[in-house]
Each structure stands twice: as structure tokens, then as C-alpha cells.
Amino acid sequence: MSDTTTQRDTTSIERVGVVGCGQMGAGIAEVCARAGMDVVVREVDAESAERGRDRLLASFDKAVARDRMTAEERDATVARLDFTTDLGDLADRELVIEAVIEREALKIDVFRTLDEVVESQDAILASNTSSIPIMKLGIATQRPDRVVGIHFFNPVPVLRLVELVTSLMTSRETVATAERFAQDVLSKIVIRSQDRAGFVVNALLIPYILSAIRMMESGFATAEDIDAGMVEGCNHPMGPLALADLIGLDTTQAVAESMYSEFKEPLYASPAMLSRMVEAGLLGRKAGRGFYDYSDR
């Protein structure tokens, strides 16, 4: 494909859909709207959509307060956002990014439905999955060549990295268009990964976090000492347990389980402590408590 054709494909993406408006979905919707895209966000019900809208408005207000956005820019960005509970309202989208919770069956169902409702066969269907193989999502559709992984990192408006993940069926045109969109429109740094569970970052990160959990679980060291050791001893910006709280312990567990399912290696097995914390709803920052207490922060 010529550079001219690829650039034309990139600039033609003006209508973006985002499925899910939790922590990640809201961040994706924000960067797309701030980049000038017309964005429709779909949530499962009106209450969830309202929470997602409030999350975005709070982020915009914070940006205005910190002089990172003018009030006029905020208003213009908000005007480019619309919310719905109906996947059918994404019919005219040129790019749809799925950002629902990390459950394989749920994501497959979303892609199957998107394939039915998104009208243009040239539209790209992308997933923000942290670990689920893109091939599994692609073959749920009749257009696996237009399915790709575009994995953002939290917080999306701050962290510049995007993992671009291609299955054996993803076309070169789709890859080129998605990469140029992330780089040129959203100003992200793109790295490419083969379609293996965990991709690049989580394949390295998750075993590290699980090792820290096992260390704490065994009584070897406290959460505070483990995190201080990595921050002060290895110059990491955040310790592994605080990072797990930021990611969400349910997401951490889901990624670990996906990787263990594919590779069957013990280092990917979810520790009992992690499983119990998820069962108890101690999911980290978003729940107010994980390895640390955030109730008064």
C-alpha cells in the first residue's frame, strides 16, 4: 500500500465508537474527543452511561483547572461526545474500540454484535484487551481482517504508549491505518506485538506483580516494604502492589488467567491471596481498598 493511500485512510476516520466507559473506556473516549473525533460511547445502561459521562466531565474540569485545556476547548470536546446504551447506535462508526471488562466471552459477544451492526465493511473493530488473543475476537466476526488490538495504558490521557496487536488474519491496511491513527491523530507511541496472550508489556509485568503478591502472601515482607524496595532500590515510579491496585486486582487476575490458560507456566498462575481479594471486592483504587486503603484519599 502506498503512503498516500494509508494517509487517506487515516484522515477518513472521523467517527469513533467506544464500547464501555469505565476507567479505560473513558480515557479512550477522552483522547479521541480531544483529538477532534466525533465519539459515541456505549454503556450497558443509563446509570453506567451517566457515571461515565461524569467521569469524563470531571477529567475535563481538572484539565481546565490545571491550565491544560481552556474552557472553550472543554466545551467543544464535550460537544463531540455522545452516550448511548444501544450498540446499534455505532452503525456509522469508522473505528470502534471495545473497552469492556476483561472477560473473553463478553468481548467475543461484543465483537459478534458489532460485526452485525457496524455498516461499513471497511470499518476497523479494535479491542483494548490486555491479554486476550485478537484471533479469538476476529473469528467471532465476518471481517477478521479488520480486527486489531489497540491496547492503551492507564491513565490513557497521560501515558503515551499503545500496543498494536495483530492476528494472523489482520490485514496490512488495517495495521497501517490503526498505527497512523494512534500515532498521528492521538499522538501515541506505538509498539507492535504478535498475537500472544499478554502481548509485550503484560508478558513482562504480570509475573513481576504476581511474584510480589506471593512474597507478601508468604509473610516474606510487607506490602509497604516490597513497594519501597522497588521504588527506592530499582528507581521504579511505583511499587508492584501499588501498581496492581492502580490496574485493578480483578484486571490483574483476568490477565494472569488468560496468560496461564495459553502458556500453562506456573509464573502466570494467580496466587490464592489475589483470588480471595477479588472475591471480597478488594479491587484496588477503584474500590477504595486493595493492598492499600484509599477510602480517605
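Please refer to the structure placed before this passage.
Residues numbered from 1 in each chain as written. Predicted model: local features only at pLDDT ≥ 70, side-chain atom pairs only at ≥ 80, totals over all residues. Heavy atoms only, no water.

Asker: Would you mind showing me how to read the overall build of the protein chain here?
Answerer: Each helix and strand in the protein chain was counted, giving 12 helices and eight strands. Expected size for 297 residues packed as a compact globule is a radius of gyration near 19 Å; at 19 Å, the protein chain falls within 12% of this value. If you line up the protein chain on its principal axes, its C-alpha atoms span 55 × 45 × 35 Å. Residue pairs at least 24 apart in sequence account for 68% of intrachain contacts in the protein chain once pairs closer than 6 positions are excluded. Looking at the protein chain as shown, the accessible area adds up to about 14100 Å², and 50% of this sits on carbon and sulfur atoms. One way to put it: in the protein chain the 32 positive side-chain charges average out to a point 2 Å from where the 47 negative ones average out. (Helix = DSSP H or I, 4+ residues; strand = E, 2+ residues; numbered from the N terminus. Rg over C-alpha atoms; globule rule 2.2 N^0.38 Å. Contact = heavy atoms within 4.5 Å. Areas by Shrake-Rupley, 256 points an atom, 1.4 Å probe, with all protein chains shown as cover. Lys, Arg positive; Asp, Glu negative; His and termini not counted. Charge placed at Lys NZ, Arg CZ, Asp CG, Glu CD.)

Asker: Would you mind showing me how to read the packing of helix α8 (residues 201-217) against helix α10 (residues 240-247) here?
Answerer: Geometrically, a packed helix pair is captured by the angle between its two axes and the distance between the axes. Across the interface, α8 lies against α10 with an axial gap of 9 Å and an inter-helix angle of 115°. At the point where α8 passes α10, the crossing takes the left-handed sense. Two secondary-structure elements touch here, α8 through L205, Y208, I209, A212, I213 and M216 and α10 through P240, L241, L243, A244 and I247. When grouped by side-chain class, the residues that make up the contact of α8 with α10 number 11 nonpolar, no polar and no charged. (Axes fitted to C-alpha atoms, helices over the stretch in contact; angles between N-to-C directions. Left-handed = near helix turned anticlockwise from the far one by under 90°. Nonpolar A, V, L, I, M, F, W, Y, C, P; charged D, E, K, R; others polar.)

Asker: I tried to follow the pairing of strand β8 (residues 189-194) on my own but got confused; where do I start?
Answerer: When strand β7 (residues 161-166) meets β8, the two strands line up parallel, connected through six bridges. Looking at β8, one finds that T166 is bridged to Q194. What joins β7 to β8 is helix α7 (residues 172-185), and the crossover it makes is right-handed. (Pairing = 2+ DSSP bridges. Right-handed = clockwise from strand over helix to strand, strands pointing away.)

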